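Residue-level structure breakdown
Here's the letter readout for the chains.
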Amino acid sequence: MIRLVRRDRASRKLAVAAPLLALAAAILSNLILFVAMGKDPAAVFYALLLEPFMTWSGFSEVLLKTGPLLLIAQGLAIGFRAKVFNIGAEGQFILGAIFASAIPVYFPQATGGWIWPAMLIMGAIGGALWAVVPAFWRVRLNANEILVTLMMSLIAVQLLNYLLLGPWKDPMGFNFPQSVMFQYDAMIPILLPGTRVNVSLLLAFVAALLAWIYMQRSFGGYQFLVGGLAPNAATYAGFSQSRAIWLSLLIGGFAAGLAGAAEVAGPIGQLQRSISTGYGYAAIIVAYLGGLHPVGIVASSLLMAALYIGGDNAMVSADLPVAAVRVFQGSLLVCYLAAITFVRFRLVRTKGAPA
Amino acid sequence: MPAPLLSLRNMTKTYGQTVANSAIDLDVAAGSIHAILGENGAGKSTLMKLIYGVERPDEGEVLWNGAPVHLTSPAEARRLGIGMVFQHFSLFETLTVVENISLIVPGSKADLATRIRALGQDFGLVVDPFAHVHALSVGERQRVEIIRCLLTEPRLLILDEPTSVLPPQAVGLLFDTLRRLRDGGVSILFISHKLDEIRALCDRATILRGGRVTGDVDPRDHDSHDLARMMIGRDMPAPLHLAPMPQGDLRLELSGLNHAPDDPFGMGLAGVTLRLHAGEILGIAGISGNGQAELSRLISGETVLPAARRDEIRMMDKAIGHLGPAERRALGFAFVPEERLGRGAVPDMSLADNSLLTAHPLGLLKRGLIDRQAEAKFTAGCIADFDVRTSGPEAEAGSLSGGNLQKFIMGREISLNPRLLFVAQPTWGVDIGAATAIRHRLVQMRNEGVAVLVISEELEELFEICDRIQVLHKGALSPSLDPRSEGPEEIGRWMIGAAGVAA
């Protein structure tokens, strides 16, 4: 019989190895799936995992996707480590996009270098405001933030629809549900010439650095960790639980809102229905895959971005259905959750038959 | 000589790398009360689990009436005639006594009620079969557990630390019952670490230390000193002498503190009043569940009073009932809670990070960032000063034994140089050597002018170190009693609520 036995301390080696093991296990299990679907697994995996890194233009698209994932995941991970589960980054992302779009929608003729920074700030505020609602009810009534944030995302989608079908619809847009195209000054400057990668990627890396300092070095981040690991110890030491809830949700909303603003002021250039391809949800996977550690999240956001691009490739070149990419993402998370068990536990073979 | 009722030969059991029982031999004669004596962690509980079939030994054999048996489950042990009363009761509070018993013992309720009454008559186990369990005292609940065992007509009854939950008066009644059972032909295995009880009750004692048998004696032939030496491997620590101190300034004052708990099963507090001065140790005696948990949360600030009632708790002469734990600590308050894992320490964090929990004001932070060097230095200091057995500051708190973790938390809180130190259950699960060190340290703190408040279930401990004792019973606190002039019986009367009625 084989049993799980708790280790004396968490294994550092396995903490690093777990995501890699999970990736290997996910590839293996999806391989079986692809074969069963009658696809050529070699072609699928080439398109999914290698092709995004083979050409500069492909890799620049990976970097473009990395930005929002990295930004949102860093914000979410802070809350997750305090066991505040903000599942509504998608809605906060949309609100960020809406708030940012308000400037070019109402001032389409405005010019000046202030516009795109102002849009980013507006977006961050919008995302944080959307997180105020779940934070308030969690602190006041102990309403579960998982449900409230999730429901707020559904409202956000409807708000976006309303604006695009009503007041913010481009009058010259042939009745398409989208806003005006933004003026030049409402676009974030390009970082790498010849690509679509813009300055917001730098912001995401700055956010990663700040998150690292906050979570690994600061007393504030330490209080978050204690609140998540042992709430009674946090109360005992006098760390405020409501403060942790407020900060977790506001930081998560702020980061997601910033990402939303960077998306409309970046590659998209207008407010439209399809501004988010599930970044808010994918970032949850990114955060956990990165071990909720700021450095790990940099790696996992690159991986997840590559999967997005690779998934598009595989749809075209290997005739893979859209859902298959989602399945791969999901199985990656499941494998990871199984793998991290071994960071704290080890398998022991016990003598004798089961009792 | 007839074969013993139960014999163990060479019983060995290991958990991972810990040897819980090593080559244990034990003979329990028919019709005897046999003590298993040992400190916390000596292997008593493991041995009982092996006998009751909860765990299976790695090596060794069990003989029942001279014939080898293989015990693979408690059901099998019960079939042989082995019954066990656990330290923590397994009764449904919302059911009556007879309903609880009928879950295990077959028979109609009327029939069972008659048998319960008859057993009660024969063995002094009086309890109303139709009373609801939640309305019973701890002593009565224990009787229900014993009756439930007796109805299965055991030949051997195992009692795990049965007196730890009883006030002194109820202990005498239990002993009467056990003697009567022995005279009725039932053998009893009595697990305890209380030397006087074993000398008063038992015919034979097997002493365990570190998983091995270190003595097999008639306890009546040995004094407590001898038994203690076998149990802990050296002499009992000398009792502490408290030099009288001039009365210092008032450090803690509760005046008429009332509290209705949020938890429906919690105990409310009614008019709790106490005054604690610098340079004295005040003990709160009483059986757990009489409001200790609620009282300690109110004193620590984990439960906060509304601002209008802030005056009900005063520390260092300030009304602080409305302040949280951090603000109270800033006034010079330090606290060692009863639960070490998850409250006094974060199990998944290193000891170094656990230092930060309350010791962060001692220069462990630099402009809001953690100073890892200062943190490690402080932690190493705690480990050295309080003899914490661990691999170092990086060990996770959850990997330490209960006693060692307690020493670490005590060390951390004492290092804060508090003006008011509050310790709940200071030596719970701590071995005798470490317990003595902790008590000496508390007395030393007192002598240095710290006000010390101790909540403990161990009456001996309170008598050893306290200047004054107050007893908590059903959420009410007795007046201050002087342990030098009042005996344990007087305290015991307050513990069961009898003294208040008489006074």
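If you're wondering where the values come from, they're calculated on a predicted model, not measured in any experiment.

Criteria and cut-off values
- Residues numbered from 1 in each chain as written.
- Chains lettered and ligands numbered in written order.
- Predicted model: local features only at pLDDT ≥ 70, side-chain atom pairs only at ≥ 80, totals over all residues.
- Heavy atoms only, no water.
- Pairing = 2+ DSSP bridges.
- Helix = DSSP H or I, 4+ residues; strand = E, 2+ residues; numbered from the N terminus.
- Contact = heavy atoms within 4.5 Å.
- Axes fitted to C-alpha atoms, helices over the stretch in contact; angles between N-to-C directions.
- Parallel < 35°, antiparallel > 145°, perpendicular 65-115°, else oblique.
- Nonpolar A, V, L, I, M, F, W, Y, C, P; charged D, E, K, R; others polar.
- Phe/Tyr/Trp six-rings, centres within 6.5 Å; stacked < 30°, edge-to-face > 60°.
- Buried < 20%, exposed > 50% of the residue type's maximum accessible area, 1.4 Å probe, protein only.
- Buried area = accessible area lost by both parts, 1.4 Å probe.
- Salt bridge = Lys/Arg side-chain N within 4 Å of Asp/Glu carboxyl O.
- Domains from an automatic or database assignment.
- Polar contact = N/O pair within 3.5 Å; in protein donor to acceptor, adjacent residues only side chain to side chain.
- Expected span 1.5 Å × (residues − 1).

Observations regarding the sheet that holds strand 11 (residues 250–259) of chain B
All names here are of chain B. Here four strands make up an open sheet; going across it, the order is 12-11-14-15 and the pairing antiparallel. Each edge of the open sheet is held by one strand with a lone partner, namely strand 12 (269–277) and strand 15 (318–319). Of the strand pairs in this sheet, strand 14 (residues 313–315) and strand 15 are connected by two bridges, and their pairing is antiparallel. What sits directly across from arginine 314, in strand 15, is alanine 319. Sheet contacts for helix 9 (residues 292–300): strand 11, strand 12 and strand 14; angle to strand 11, the most-contacted strand, approximately 125 degrees.

As for the packing of helix 8 (residues 219–229) of chain A against helix 11 (residues 351–359) of chain B
Helix packing geometry: the angle between the two helix axes and the distance between the axes. At a minimum axis separation of 11 Å, helix 8 of chain A and helix 11 of chain B run at an interaxial angle of 105 degrees. Comparing the axis directions of helix 8 of chain A and helix 11 of chain B gives the class roughly perpendicular. The residues of helix 11 of chain B that touch helix 8 of chain A, namely those facing Phe219(A), Tyr222(A) and Val226(A), are Asp353(B), Asn354(B), Leu356(B) and Leu357(B). Counted by class, the contact of helix 8 of chain A with helix 11 of chain B contains five nonpolar, one polar and one charged residues.

A few points about the packing of aromatic side chains
Residue and element names in this part refer to chain A. Going through the model one piece at a time under the given rule, you end up with 18 aromatic pairs over all chains. Measuring from ring centre to ring centre gives 5.0 Å for phenylalanine 136 and tryptophan 137, while their planes differ by 80 degrees; the resulting arrangement is edge-to-face. The class for phenylalanine 136 is partly exposed, based on a relative accessible area of 30%. The class for tryptophan 137 is partly exposed, based on a relative accessible area of 38%. On the basis of an interplanar angle of 80 degrees and a centroid distance of 5.9 Å, the ring pair of tyrosine 214 and phenylalanine 224 is categorised as edge-to-face. Placement of tyrosine 214 in helix 7 (residues 200–217) and of phenylalanine 224 in helix 8 is noted, with a sequence separation of ten residues between them.

Thoughts on the interface of chain A and chain B
Between chain A and chain B, the residue contacts involve 24 residues of the former and 33 residues of the latter. When the two sides are added together, the surface that chain A and chain B hide from each other amounts to roughly 2,300 Å², 58% of it contributed by carbon and sulfur. Considering only the surface of chain A that becomes buried against chain B, Phe219(A), Tyr222(A) and Tyr236(A) emerge as the three largest contributors, covering 33% of it. Taken together, the links from chain A to chain B amount to zero salt bridges. At the level of elements, helix 7, helix 8 and helix 9 (231–237) of chain A are the ones that each hand at least two residues to the side of chain A that touches chain B. A class-by-class count of the residues in the side of chain A that touches chain B yields 14 nonpolar, five polar and five charged.

Overview of the environment of Val85(B)
Residue and element names in this part refer to chain B. Its location among the elements puts valine 85 in strand 6 (residues 82–85). Its relative accessible area of 2% is what places valine 85 among the buried residues. For valine 85, the residues in contact, after removing those within four places along its chain, are Glu145, Ile146, Cys149, Leu157, Ile158, Leu159 and Asp160.

Re the domain arrangement of chain B
Residue and element names in this part refer to chain B. Here the domain parsing of chain B yields domain 1 (6–232) and domain 2 (250–502). Each partner contributes to the interface: domain 1 provides twelve residues, whereas domain 2 provides 15 residues. For the pair domain 1 and domain 2, the summed buried area comes to about 880 Å², and 64% of that belongs to carbon and sulfur atoms. Linking domain 1 to domain 2 there are zero salt bridges. Counting every contact that joins domain 1 to domain 2 gives zero residue pairs in polar contact (both at pLDDT 80 or more). Counting only elements with at least two residues in the side of domain 1 that touches domain 2, the list comes to helix 6 (168–183) and helix 8 (224–232).

Remarks on the side chain of Asp467(B)
Residue and element names in this part refer to chain B. The topology assignment puts aspartate 467 in the loop between helix 15 (459–465) and strand 21 (468–473). A distance of 2.7 Å separates a polar side-chain atom of aspartate 467 from the backbone nitrogen of isoleucine 281. In terms of polar contacts, aspartate 467 uses its side chain to reach the side chain of arginine 446, at 2.8 Å. With near-sequence residues (within four places) excluded, aspartate 467 lies in contact with Leu242, Gly279, Glu280, Ile281, Arg446, Asp482, Pro483 and Arg484.

With respect to the pairing of strand 11 of chain B
Residues and elements named next belong to chain B. Here six bridges tie strand 11 to strand 12, and the two strands are oriented antiparallel to one another. Residue pairing for strand 12: leucine 250 is matched across the bridge by histidine 277. As judged from the three bridges shared by strand 11 and strand 14, these two strands associate in the antiparallel manner. If you follow leucine 252 over to strand 14, its bridge partner there is methionine 315.

So, helix 5 (residues 138–150) of chain B
Residues and elements named next belong to chain B. The end-to-end C-alpha separation of helix 5 is 18 Å, in line with the 18 Å expected for 13 residues at 1.5 Å each. In terms of burial, helix 5 is a largely internal element, ten of the 13 residues being buried. Buried within helix 5 are the following residues: Gly139, Arg141, Gln142, Val144, Glu145, Ile146, Ile147, Arg148, Cys149 and Leu150. On its buried face, helix 5 is in contact with strand 6, helix 3 (97–102), helix 4 (109–123), strand 7 (156–160) and helix 6.

What to know about the sheet that holds strand 22 (residues 476–477) of chain B
All names here are of chain B. What the six strands build is an open sheet, ordered 16-19-20-13-21-22; its pairing is mixed. Strands with a single pairing partner mark the edges of an open sheet, and in this sheet they are strand 16 (333–336) and strand 22. Pairing of strand 21 with strand 22 involves two bridges; the strand directions are antiparallel. Bridged to histidine 473 within strand 22 is alanine 476. Sheet strands touched by helix 9: strand 13 (281–285), strand 16, strand 19 (420–424), strand 20 (451–455) and strand 21. Its angle to strand 16, the strand with the most contacts, is close to 150 degrees. The strands touched by helix 13 (residues 402–415) are strand 16 and strand 19; relative to strand 16, the strand with the most contacts, the crossing angle is about 180 degrees.

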